[in-house]
There are 2 protein chains.
Amino acid sequence: QIAQDVLGFGGSIPVVASLAEGLTRRPNALLIGIAPPGGQLPPSWRALILDAIDHRLEIWSGLHTILGDDPEFAARARAVGVAIHDLRKPPSDIDVARGRVREIDDRATVILTVGTDCNIGKMTTQLQLRDAMRARGMRVGFAPTGQTGILVEGWGISVDAVIADFIAGAAERLTLHAAKDADIVLVEGQGSIIHPSYSGVTYGLLHGSLPHAMVMCAQPSRTAINNHPWVKIPPLAEFIDMQERAAAPLRPAPVIAVALNTYDLSDADARVAIERVRRETDLPATDPVRFDPAPIVDAIDAFHRRRFGTGARSAATGAAAS
Amino acid sequence: QIAQDVLGFGGSIPVVASLAEGLTRRPNALLIGIAPPGGQLPPSWRALILDAIDHRLEIWSGLHTILGDDPEFAARARAVGVAIHDLRKPPSDIDVARGRVREIDDRATVILTVGTDCNIGKMTTQLQLRDAMRARGMRVGFAPTGQTGILVEGWGISVDAVIADFIAGAAERLTLHAAKDADIVLVEGQGSIIHPSYSGVTYGLLHGSLPHAMVMCAQPSRTAINNHPWVKIPPLAEFIDMQERAAAPLRPAPVIAVALNTYDLSDADARVAIERVRRETDLPATDPVRFDPAPIVDAIDAFHRRRFGTGARSAATGAAAS
């Protein structure tokens, strides 16, 4: 089997049923890409991971359990001479947040993706926007805040894995780092302001990254928080108002576009859903994976130009703003 | 010198200038009761702590730095035979929150103290309320969520020291534990929903403890977040509205009383400030340390009786509700 057959995308990436079957493809790493609730290592995975190490596979893990700190894994990896990469292990020197993102206010625009729930498109939207902006010649930076973003980009901090007092501090550090050579900083959002398990991460990230504007990610078919049917998701226009109120006490940040996740809809239904959201929110909206992300890119570019006046440099390298 | 002279309270507790001077009083423990920003151990304290261990003092620490995990401290303490107690070290088996506080909805009322800022009275208010309720014969539990509360009570979890994804889970666990033999559960609040460094902790605690009602803690003279003058504290009635909106998506919880910290005001000015807040918020208000906490206790008792109907058992043991 290949990924294309199972997922509808992914091309010829093989899908295998066991480590033994995978080893016939001569891999050089085992990536633990899914996570059980709470992100702890299920005891039943231990034997498989040890087996992979014995076959000289590097281990890449996005679990909360730090595999490199596990005495058995660490000893075995050392003996065999392979590395264990824990994507969620935070640096040890994160400071508390001090509102330092305000220091780049005079030269960059920070855009945070926010969402009605977890696992709804906050990272994917930013990566689509980043690629589209680069294609336009805009100077754009991306700040990865979770294990998958870190895996894609090669740097970042999983803000849900730092000590609670340092969530905003981690967000501040990531935002400033991503802003080094950028006019537009795209910060990967996490969770939801109404998530019963993870809202603390969401708020710390919001108040540490201090975005100038936000892009709202939603899934038309989702009416309650995943795994928490008792927490209903309010209508999108109301949720956007709640989101703006959540940011406002530190500094006002409007939601300037909506990114819809329509993967479970037909093309026709997706277009209807997007049109309805446009009408209900009076904002640019699209599915930036299924369709062209241009409406969201345009909204961000226009917002950035408004902030710096018509005479300011556009986010496109060297170009004069219109 | 004694504490009474320096602080205006504390009676004959001696105040000393150095470890050497303190040792003449034959102490059995060194308590590290203050914390620098970020809660890390300042390098200059290392020698003093080692000196204390050598004098066979137990170490009690509320720092984020876990002293018992420090190789030098751990080795020295082991050699001398004294214990190191890290009040902020969380248990290793905290689960993510699952809205489980709803399971006690039919028998208990959860009250969370919230505040406009850190260090404003959220713990002290609960301890004053707890004592006043016990004196009335009410069945009341207190859930300590920070290092000082843990030191006072002998149990609890410092929710600002857990891994970010588990803040709400820690709050849920503490709330359920404190509810074991209680009709009223008083949960110690942390931070502020507008705190630029720590709001994530505040929200995780709010959404994990799922209070039925909240008591707002404020200081009349404080107009901005401490150390963050750029974050202004809105007028109290507006802040209360924001606080109720923060709780509402998970479940509505009204602010039912205001606890004012008037330590920097004269008695006369304190009374004026309390009266003004009463008028502005239309809520019972008092300084529960300086004056009788009864107005807040009455508000909680009335709220609890309303939840369970006039026929239900009062929170006072065995008494019939009026």
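Residues numbered from 1 in each chain as written. Chains lettered and ligands numbered in written order. Predicted model: local features only at pLDDT ≥ 70, side-chain atom pairs only at ≥ 80, totals over all residues. Heavy atoms only, no water.

Colleague: What's the story with the state of the cysteines in this structure? I'm lost.
Modeller: A covalent bond between the sulfur atoms of two cysteines is referred to as a disulfide. Applying the stated criterion across every chain yields a total of 0 disulfides over all chains. Cysteine Cys217(A) remains unbridged, with the sulfur of Cys118(A) as its closest cysteine sulfur at 12 Å. (Disulfide = S-S within 2.5 Å.)

Colleague: Any chance you could explain the relation of the copies chain B and chain A here in plain terms?
Modeller: Copy one and copy two of the chain differ by a rotation about an axis and a translation along that axis. The operation relating chain B to chain A is a screw motion whose rotation component is 180 degrees, with 0.0 Å of axial translation and a residual RMSD of 0.0 Å. The superposition of one copy onto the other is thereby described by a two-fold rotation axis. When you check the interface residues of chain B against chain A, 100% turn up at the interface there too, and the contact is symmetric in its surfaces. (Least-squares fit on C-alpha atoms with pLDDT ≥ 70 in both. Contact = heavy atoms within 4.5 Å.)

Colleague: Where do I start with the side chain of Asp70(B) in this structure?
Modeller: All names here are of chain B. Take Asp-70: it is sitting in the loop between strand S2 (58-61) and helix H4 (71-80). By relative accessible area, which is 13% here, Asp-70 ends up buried. Among the polar contacts listed, one links the side chain of Asp-70 to the side chain of Arg-46, at a separation of 2.6 Å. Looking at Asp-70, its side chain comes within polar contact range of the main-chain nitrogen of Phe-73, at 3.0 Å. (Helix = DSSP H or I, 4+ residues; strand = E, 2+ residues; numbered from the N terminus. Buried < 20%, exposed > 50% of the residue type's maximum accessible area, 1.4 Å probe, protein only. Polar contact = N/O pair within 3.5 Å; in protein donor to acceptor, adjacent residues only side chain to side chain.)

Colleague: When you look at the interface of chain B and chain A in this model, what are you seeing that I'm missing?
Modeller: Interface size is commonly expressed as the accessible area that is lost once the parts come together. Counting from both sides, the interface comprises 40 residues of chain B and, opposite them, 40 residues of chain A. Taken as a group, Asp165(B), Trp230(B) and Leu250(B) account for 20% of the area that chain B buries against chain A, more than any other trio of residues on that side. One can count 2 salt bridges joining chain B with chain A. Salt-bridge contacts for Asp165(B) lead to Arg88(A); the nearest nitrogen and oxygen are separated by 3.7 Å. Where chain B meets chain A, there are 10 residue pairs in polar contact (both at pLDDT 80 or more). Elements that contribute at least two residues to the side of chain B that touches chain A include exactly helix H7 (167-178), helix H8 (199-209), strand S9 (228-232) and helix H9 (236-247) of chain B. Sorting elements by how many residues they give to the side of chain B that touches chain A places H8(B) first, with 6 residues. For the side of chain B that touches chain A, the class distribution of residues is 23 nonpolar, 11 polar and 6 charged. (Buried area = accessible area lost by both parts, 1.4 Å probe. Salt bridge = Lys/Arg side-chain N within 4 Å of Asp/Glu carboxyl O. Nonpolar A, V, L, I, M, F, W, Y, C, P; charged D, E, K, R; others polar.)

Colleague: In this structure, what is going on with the pairing of strand S9 (residues 228-232) of chain A? I would like to understand it.
Modeller: Consecutive residues of a regular strand have side chains that alternate between opposite faces of the sheet. All names here are of chain A. As defined by bridge partners, strand S8 (residues 224-225) adjoins S9 across 2 bridges and the pair is classed as antiparallel. What sits directly across from Ile-225, in S9, is His-228. As consecutive antiparallel partners, S8 and S9 are separated by 2 residues, and within that stretch Asn-227 has a phi angle of approximately 70 degrees, a positive value. (Pairing = 2+ DSSP bridges.)

Honestly, that's just the spatial picture; any functional story needs more than this.
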